[in-house]
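Residue-level listing of the chains:
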Amino acid sequence: MASHQTACRHLLSLRDLTPDEGRALIGRAIELKRMQTTGQVFRPLVGKSLAMIFEKSSTRTRVSFEVGMAQLGGHALFLSPRDTQLGRGEPVEDSARVISRMVDAVMIRTFEQQTVERFAAHSQVPVINGLTDRYHPCQVLADLQTFYEHRGEIQGKRVAWVGDGNNMCQTFMEAAVLFDFELVIACPEGFDPAADLIAACADHCQILRDPRAAVQGAHLIATDVWASMGQEEELERRRAVFTPYQVTDELMDLAHPEALFMHCLPAHRGEEVAASVIEGPRSVVWDEAENRLHLQKALLEFLIPH
Ligand code: CP
Ligand code: NVA
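A brief report on the enclosed structure follows. (Residues numbered from 1 in each chain as written. Chains lettered and ligands numbered in written order. Predicted model: local features only at pLDDT ≥ 70, side-chain atom pairs only at ≥ 80, totals over all residues. Heavy atoms only, no water.)

Near ligand 1, the surroundings consist of S58, T59, R60, T61, R109, H136, Q139, C264, L265 and R292. One of the side-chain N or O atoms of T61 is found 2.7 Å from an oxygen atom in ligand 1. Here a nitrogen atom of ligand 1 sits 2.9 Å away from a polar atom, N or O, in the main chain of C264. In isolation ligand 1 has 250 Å² of accessible area, and contact with the protein removes 95% of it. When its residues are assigned to classes, the shell around ligand 1 shows 2 nonpolar, 5 polar and 3 charged. (Near = heavy atom within 4 Å. Polar contact = N/O pair within 3.5 Å; in protein donor to acceptor, adjacent residues only side chain to side chain. Areas by Shrake-Rupley, 256 points an atom, 1.4 Å probe, with all protein chains shown as cover. Nonpolar A, V, L, I, M, F, W, Y, C, P; charged D, E, K, R; others polar.)

Right under this line is the structure:
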């Protein structure tokens, strides 16, 4: 076969979607969820394969992509750097050209955003960002699906991000632009999101230091771990700085009376969130986790030609 690259769509960040596509994906995820829970078999991806490259740990991302491909009639392969040549230094560009000649889509969880971009630039098939240090688009789309299911339209609503200006926070920033909601970020000084994103999303996002001010009137409060994967050795130092940023019932009480609580999981009770909040009536964390399955099925259906 001639060596060629076909123009194909990727999901490396939410900027790869138009607002209409973002909304359509959420609508389709809700429909696929209904079909799945009513026992309707839907297998548009028979004979298709998804390669899943994990350079970091995962429970939700692995299970949801693997089960999602199975439900759609296709197949998923788990590839770990421990036993692929990628882990022994085969260049990303070479791996992309080889793997993408054999599969129909690739999902990658890795460190640098540049790695997924380099992979995509040499891939013949769609590449999906399954989390990098910069972004986690699949999670935030599932979170927005969850918001729609519980509260309807998010446009014009106020969302508070409390904690680290990390990959989840940065994806919420791009989501604020795409879905046209207001994002108020409460993070300690020195833990801001990337400066280029603050500038690019300035119309929809502001940074405050005080979590109590940030949650005023918020319809959604979201947080995440204080030390992300790859930052484990910083946890002790971060604990001291982040303690005032724990999401407690008192903090939730300052928000809109119908405010929801979200966390992408895994969570550390007693650190970024009080056990009573994550287990309480305003928490929708288990729906967020389940919706990874439905949202990613909609994404696979959208990206993989069939
Ligand atoms: N939220 C999330 O992506 O979870 P995993 O790390 O378990 O995949
Ligand atoms: N910010 C976290 C999200 C885990 C799903 C991390 O990158 O480890």
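The next point concerns the environment of R28. As for its placement among the helices and strands, R28 is situated in helix α1 (residues 19-37). You can call R28 partly exposed: its relative accessible area is 26%. Those residues in contact with R28 that sit more than four places away from it in its chain are M35, F42, A298 and E301. (Helix = DSSP H or I, 4+ residues; strand = E, 2+ residues; numbered from the N terminus. Buried < 20%, exposed > 50% of the residue type's maximum accessible area, 1.4 Å probe, protein only. Contact = heavy atoms within 4.5 Å.)

The subject of this paragraph is the site of ligand 2. Around ligand 2 sit L131, N166, N167, D224, V225, S228, M229, C264 and L265, and that is every residue in its neighbourhood. Here N167 contributes a side-chain N or O atom positioned 2.8 Å from an oxygen atom of ligand 2. One of the side-chain nitrogen or oxygen atoms of D224 is found 2.6 Å away from a nitrogen atom of ligand 2. Protein burial of ligand 2: of its 270 Å² of free accessible surface, 94% is covered by the chains. Considering only residue class, the shell around ligand 2 consists of 5 nonpolar, 3 polar and 1 charged.

Here we come to the pairing of strand β6 (residues 182-186). Summarising burial for β6: 4 of the 5 residues are buried, a large majority. In this sheet, β6 lies alongside strand β5 (residues 158-162) in parallel orientation, the contact comprising 5 bridges. From the neighbouring strand, R158 faces β6, where its bridge partner is E182. The β-α-β motif built from β5, the intervening helix α6 (residues 167-179) and the parallel element β6 has right-handed crossover chirality. (Pairing = 2+ DSSP bridges. Right-handed = clockwise from strand over helix to strand, strands pointing away.)

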